[in-house]
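Single-letter residue listing:
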Amino acid sequence: MVMVIMSLIMMPMKAKKDEEVAELVEQWEEEEREYMRVSGAVPLLDQWRVTALECILTGRIKEHIELKQAEGQMLDKYDDMRKEVMKWATQKRMEKMEK
């Protein structure tokens, strides 16, 4: 069981659409919490969490994050990147619901 959860954490599902990103990030975070609960492990290092987050992103959101980084915004910490990703993803989810 622990190994299955760990594989989900290290290789999260990639979003197919922008509006799926927020839900998949939240799902991944729940899987990470479950892994820590079941295994007694400590939280993953920030760079592993950032890498997992990048795996979920679609091309458009990934490009947005890369642009922000190129502009000098430091998004190498998980919480900073998550905040930017969720802001973008929530906006895309709202746009989809308005259609």
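Now for a quick tour of the structure. (Residues numbered from 1 in each chain as written. Predicted model: local features only at pLDDT ≥ 70, side-chain atom pairs only at ≥ 80, totals over all residues. Heavy atoms only, no water.)

Moving on: the overall build of the protein. Broken down by element type, the protein carries five helices and zero strands. When the elements of the protein are put in sequence order from the N terminus, they spell out α-α-α-α-α. Compactness check: the protein gives a C-alpha radius of gyration of 14 Å against a globular reference of 13 Å for 99 residues, within 12% of the reference. Structurally, the protein occupies a C-alpha span of about 40 × 35 × 15 Å along its principal axes. When burial is assessed residue by residue, the protein has 36% of its 99 residues classed as buried. (Helix = DSSP H or I, 4+ residues; strand = E, 2+ residues; numbered from the N terminus. Rg over C-alpha atoms; globule rule 2.2 N^0.38 Å. Buried < 20%, exposed > 50% of the residue type's maximum accessible area, 1.4 Å probe, protein only.)

The residue Glu29 is located in helix α2 (residues 21–39) in this model. Judged by its relative accessible area of 10%, Glu29 falls in the buried class. For Glu29, the side chain forms a polar contact with the side chain of Arg82, separated by 2.5 Å. Once residues lying within four places of it in the same chain are set aside, the contact partners of Glu29 are Tyr78 and Arg82. (Polar contact = N/O pair within 3.5 Å; in protein donor to acceptor, adjacent residues only side chain to side chain. Contact = heavy atoms within 4.5 Å.)

Interpretation note: all reported values are geometric properties and have no functional meaning in isolation.
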